[in-house]
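# Summary of structural features
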Amino acid sequence: MARRVGGPGGTPASGTFPVTLGDVLAAQRMLAGVCRTTPLVVSRHLSAAAGTPVRLKCENLQRTGSFKVRGAYVRIARLAPDERAAGVVAASAGNHAQGVALAASLLGVRSTVFMPEGAPLPKLAAARAYGAEVRLQGRSLDDALDAARAHARETGAVLIHPYDHPDVIAGQGTVGLEILEQCPEAGTVVVGMGGGGLAAGIAVAVKGLRPDVRIVGVQAAGAAAYPPSLAAGHPVALRAPVTMADGIRVGRPGDVPFRIVARLVDEVRTVSEDELAAALLLCLERAKMVVEPAGASPVAALLSAPGSFAGPVVAVLSGGNVDPLLLQAVLRHGMAVAGRYLSLRVRLTDRPGALAALLEVLSAAGANVLDISHVRTDPRLGLAEAEVELHLETQGREHCAELDAALRNAGYPVLH
C-alpha cells in the first residue's frame, strides 16, 4: 500500500482553485430533478472489519449506474446554443459514455461516443440505449480519446472530457454535498481515483464545508498514476496501466483535478487486484450491493488497513456497471483469496471405486465439489494412475488446510 504524506493546503473558496464550493452548489441546483440523491447505508459487517463505523454512499444506484451523469449533465447544460447544435463527443470505457449519452438525450443534444475495442458489452449496449452513436476505436481509453479529439476537430462537436474540466468536476462534487447532508458527522471520505474528477469534486465540496474531514483517494496498484505525480509535483503518465478496475484504469491524472487533489486530498492509497476482488465479494455478499471493481476500491482500502481511518467513514461505491463475465471471474478469484474456493489436483489409482473413495474423503471433511475433471490419458501418469482436478467450495483458509491434511492422511498425493 502506498501513501502520500503531507496535509492539504488552501481553501476551495479561494480564487486559486479551478473549481469552488460555489460552483458545486450551483451544479447541485442544476441537477435537481435530473440525478437521484443516492442512499447512504450503514454496513455493520464492514464497520466491524474496519474497526470504525462505515457507511456506503451508493452511487452504483445512480441513473446509468454511476456518478458520471452528474458531471456530464452539468458540462453539456452549460454549452452555448451553437455548441449544442454541433453535438458532443466523448471517449469512455463505459460509465462516462452512458452518462454523456443520457445527459445529451435529456438536453436534446446529439452525442457520439468512442469506446475501446473489447469494451464490456453491457456498457456498450447501455450507451446506445441512452441515445449515443457508439464507435469502437483502438485497444485503450487513450486510443478512444485520440479518436474523439479527432472527431471534434473534424466536425466541430464539443469534447466532453470524463474528468479534466471544471464543470465536470463541479457536477461530481455534488456527491460530496450529499454525503455531508446525509452524514454530517463524517470523519473520513474514501473514494476511488482514476483521472481524479470525482475525488477532486468531493474534496472541494467537503473541505469547503468541513475542512476537518479527511479525504482519502484509492487507486489500483497497477494503475496508480497519482503517487508518482504527487511526488513529482505535476501529472506523470504511466506507460501501461493494468487493472481489472476499468473505471479507474487511467494512465495520467487530469491537469484540472490534479491541482485540486494535490491541495485538498489528504492521502492516496493503493490496493491490489486480490484486495479489489475480496472487496467486490464482500459488497455482494454482505452489503447486497452489485458494484464494479472500481466502485469497490474504497472498500478494499478499508479492509486492507483496518483501524487506520478516522470514523465515521463514508466509502463511495462509485459504480455498479460490471460485465457479468468479469463479475463471475472476479467473484471466483475473490472466493479463492478469502479461502472460500480451493483448486487442487490429486493422483489416485485407476481402478473402479477410486473416485468414489476420494469424494467420500472430501464429503467427510465438509467440502462442496463445484467442478471435477478426471484424466486417465496423460504422458505424466503411470499405467495404473489417474489424476483428478477438483474445484471446491470451502469455509475459509483453516478449512482449506484441513482438507489438504485429510487428503494426505488418506494417502492421496496432492498437487496445487
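Read on for an overview of the structure. (Residues numbered from 1 in each chain as written. Predicted model: local features only at pLDDT ≥ 70, side-chain atom pairs only at ≥ 80, totals over all residues. Heavy atoms only, no water.)

### Some details on the overall build of the chain
Within the chain, the secondary structure is distributed over 16 helices and 14 strands. Here the C-alpha atoms of the chain give a radius of gyration of 24 Å, agreeing with the 22 Å that 2.2 N^0.38 yields for 416 residues. With the C-alpha coordinates aligned to their principal axes, the bounding extent of the chain is approximately 80 × 45 × 40 Å. Going through the 416 residues of the chain one by one, you find that 55% of them count as buried. Charged side chains in the chain number 40 positive and 37 negative. The centres of these two groups are separated by 5 Å. (Helix = DSSP H or I, 4+ residues; strand = E, 2+ residues; numbered from the N terminus. Rg over C-alpha atoms; globule rule 2.2 N^0.38 Å. Buried < 20%, exposed > 50% of the residue type's maximum accessible area, 1.4 Å probe, protein only. Lys, Arg positive; Asp, Glu negative; His and termini not counted. Charge placed at Lys NZ, Arg CZ, Asp CG, Glu CD.)

### Points about the nonpolar core
Counting residues in hydrophobic clusters, the biggest one holds 58 residues, and the most contacted among them are Ile76, Val88, Val189, Ile202, Ile215, Ile260 and Val316. Counting residues per element, this core draws most heavily on helix H9 (residues 197–209), at eight residues. Residues in contact with Val189, not counting those within four places in the same chain, are Ile179, Ile202, Val213, Arg214, Ile215, Val216, Val314 and Val316. (Core = buried A, V, L, I, M, F, W, Y, C linked by side-chain atoms within 4.5 Å. Contact = heavy atoms within 4.5 Å.)

### Things to note about the sheet that holds strand E3 (residues 88–91)
If you trace the four strands from one edge of the open sheet to the other, you get E5-E4-E3-E6, paired in parallel fashion. Two strands close off the open sheet at either side, each with one partner strand: strand E5 (133–136) and strand E6 (158–159). Here strand E4 (residues 111–115) runs beside E5; their pairing, made up of four bridges, is parallel. Considered in E5, the bridge of Phe114 is made with Arg135. Against the sheet, helix H7 (residues 141–155) touches E3, E4, E5 and E6, its axis set at about 165° to E3. (Pairing = 2+ DSSP bridges. Axes fitted to C-alpha atoms, helices over the stretch in contact; angles between N-to-C directions.)

### Remarks on the packing of helix H5 (residues 95–107) against helix H6 (residues 121–129)
H6 packs onto H5 with a crossing angle of 10° between their chain directions and a minimal axis gap of 8 Å. In terms of their interaxial angle, H5 and H6 are classed as roughly parallel. Contact residues: H5 offers Asn95, Ala97, Gln98 and Ala101, while H6 offers Lys123, Ala126 and Ala127. Residues that form the contact of H5 with H6 fall into these classes: four nonpolar, two polar and one charged. (Parallel < 35°, antiparallel > 145°, perpendicular 65-115°, else oblique. Nonpolar A, V, L, I, M, F, W, Y, C, P; charged D, E, K, R; others polar.)

### Looking at unusual backbone geometry
The residue after Gly311, namely Pro312, is reached through a cis peptide bond having omega -5°. Among the structural elements, Pro312 can be located in the loop between helix H13 (297–304) and strand E10 (313–317). Of note in the backbone geometry, Thr64 takes a positive phi value of approximately 70° without being a glycine. Mapped onto the secondary structure, Thr64 falls in the loop between strand E2 (54–58) and helix H3 (68–77). Positive phi, normally seen in glycine, also occurs at Lys288, with a value near 60°. Structurally, Lys288 can be placed in the loop between helix H12 (273–285) and H13. A residue is classified by how much of its surface remains accessible, and Lys288, at 63% relative accessible area, is exposed.

### Concerning the pairing of strand E8 (residues 214–220)
Looking along a regular strand, one sees side chains alternate from face to face of the sheet. Most of E8 sits out of view: six of its seven residues are buried. Of the strand pairs in this sheet, strand E7 (residues 188–192) and E8 are connected by five bridges, and their pairing is parallel. Looking at E8, one finds that Val191 is bridged to Gly217. The parallel pair E7 and E8 is bridged by H9, and the resulting crossover is right-handed. The pairing of E8 with strand E9 (residues 267–271) spans five bridges and is classified as parallel. Within E9, the residue paired with Val218 across the bridge is Arg269. (Right-handed = clockwise from strand over helix to strand, strands pointing away.)

### Quick look at the packing of aromatic side chains
Evaluated as defined, the whole model comprises one aromatic pair. Here the aromatic rings of Tyr226 and Phe258 are separated by 6.1 Å at their centres, their planes lie at 20°, and the arrangement is stacked. Here the residue Tyr226 occupies a position in helix H10 (residues 226–232), and Phe258 occupies one in helix H11 (residues 255–264), the gap between them amounting to 32 residues. Here Tyr226 and Phe258 have matching classes, each one buried. When the ring centre of Phe309 is taken as reference, the NZ or CZ atom of Arg269 above it lies at 4.2 Å. (Phe/Tyr/Trp six-rings, centres within 6.5 Å; stacked < 30°, edge-to-face > 60°. Lys NZ or Arg CZ within 6 Å of the ring centre and 35° of its normal.)

### Here we look at the sheet that holds strand E14 (residues 414–415)
The strand order across the open sheet built from four strands is E12-E13-E11-E14, with neighbouring strands paired in antiparallel fashion. Among the strands making up the open sheet, the edge pair consists of strand E12 (368–375) and E14. Bridge analysis of strand E11 (residues 341–349) against strand E13 (residues 385–393) gives nine bridges, and the strand direction is antiparallel. Paired with Leu348 across the bridge in E13 is Ala386. Of the strands in this sheet, E11, E13 and E14 touch helix H16 (residues 397–409), which is tilted by about 0° from E11.

These results come straight from atomic positions and should not be treated as a statement about function.
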